[in-house]
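# Fold and contact review
Chain by chain, the residues:
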Amino acid sequence: MDVSELRKNAKVQLDGHPYVVVEFLFVKPGKGQGLYKCKLKNMITGAVLDRTWRSGEKFDPANVESRKMQYLFKDQNGFTFMDNESYEQVALADEIVGDDSAFLLDQISVDVLFYNDRPVGVTLPSHIVMTITECEPGVKGDTATNATKSATVETGHKIQVPLFIREGDKVKIDTRTGAYVERINT
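Residues numbered from 1 in each chain as written. Predicted model: local features only at pLDDT ≥ 70, side-chain atom pairs only at ≥ 80, totals over all residues. Heavy atoms only, no water.

Going by the annotation in an unreviewed UniProt entry, the name recorded for the protein is Elongation factor P, with Nannocystis pusilla given as the source organism. On record in UniProt, under Pathway (unreviewed entry), the comment for the protein is "Protein biosynthesis; polypeptide chain elongation." Quoted verbatim from the Function (unreviewed entry) heading of the UniProt record, the comment on the protein is "Involved in peptide bond synthesis. Stimulates efficient translation and peptide-bond synthesis on native or reconstituted 70S ribosomes in vitro. Probably functions indirectly by altering the affinity of the ribosome for aminoacyl-tRNA, thus increasing their reactivity as acceptors for peptidyl transferase." (UniProt positions renumbered as here; feature names shortened; annotations may be inferred.)

What follows is the structure in structure tokens.
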């Protein structure tokens, strides 16, 4: 795998461990080769490290397998997912799911990543539709620019939404950034 193929959420293998790219930045100095600055998260231990590569360097892609699974519930053991084909249930610890837990709705289909038959991560759909459960009223006249207000969705996650959004509205959210995308008319 060439370093130019790196993107956010790309899976790579370094020193015998699988890593996922958390942040990615390409820097082209005035002279010389371009640099790829990445923040990588170990998919097993959760440790984060910074690495910089020069253009043209190569490394191995991580040997991870992705399985379609359905989110069932959360309990003291963590988050429980069910394989859509074999109906086998897998519990993932809170550390593995991480910030993605803010977007886990009952019965949602996700990709669970396995490294050597051990669950190491969850990949959500890029966009998800959620219902606003609580938000402050928008004040008329505060619309000179892209004014936003805080709102809470059904999982308890807080997002910034435009002033015209009200409680009960369905909104599309980008799960990669956690940002509001658009209101869904029903």
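So much for the structure itself; the text now carries on.
## Structural notes on the side chain of Arg67
With respect to the helices, strands and loops of the structure, Arg67 is situated in strand 6 (residues 64–75). Within the structure, Arg67 has its side chain in polar contact with the side chain of Glu65 (distance 3.2 Å). Discounting residues that sit within four places of it in the chain, Arg67 has contacts with Asp83, Val110, Asp111, Val112, Phe114 and Asp117. (Helix = DSSP H or I, 4+ residues; strand = E, 2+ residues; numbered from the N terminus. Polar contact = N/O pair within 3.5 Å; in protein donor to acceptor, adjacent residues only side chain to side chain. Contact = heavy atoms within 4.5 Å.)

## Structural notes on the pattern of salt bridges
Working definition: two side chains of opposite charge can pair if their charged atoms are close together. Taken as a whole and assessed by the stated rule, the structure comprises 10 salt bridges. Notably, a salt bridge pairs Arg67 with Asp117, separated by 3.5 Å at the nearest N-O pair. Remark: Asp117 occurs in the loop between strand 9 (109–115) and strand 10 (118–123) and Arg67 occurs in strand 6; sequence separation between them is 50 residues. A salt bridge links Lys172 to Glu182; the nearest nitrogen and oxygen atoms lie 3.4 Å apart. You can see Lys172 sitting in strand 14 (residues 170–174) and its partner Glu182 sitting in strand 15 (residues 179–184), a full 10 residues away along the chain. Glu182 gets classed as partly exposed once you look at its relative accessible area, which sits at 35%. Three or more residues are tied together by salt bridges with common partners; here these are Glu65, Arg67 and Asp117. (Salt bridge = Lys/Arg side-chain N within 4 Å of Asp/Glu carboxyl O. Buried < 20%, exposed > 50% of the residue type's maximum accessible area, 1.4 Å probe, protein only.)

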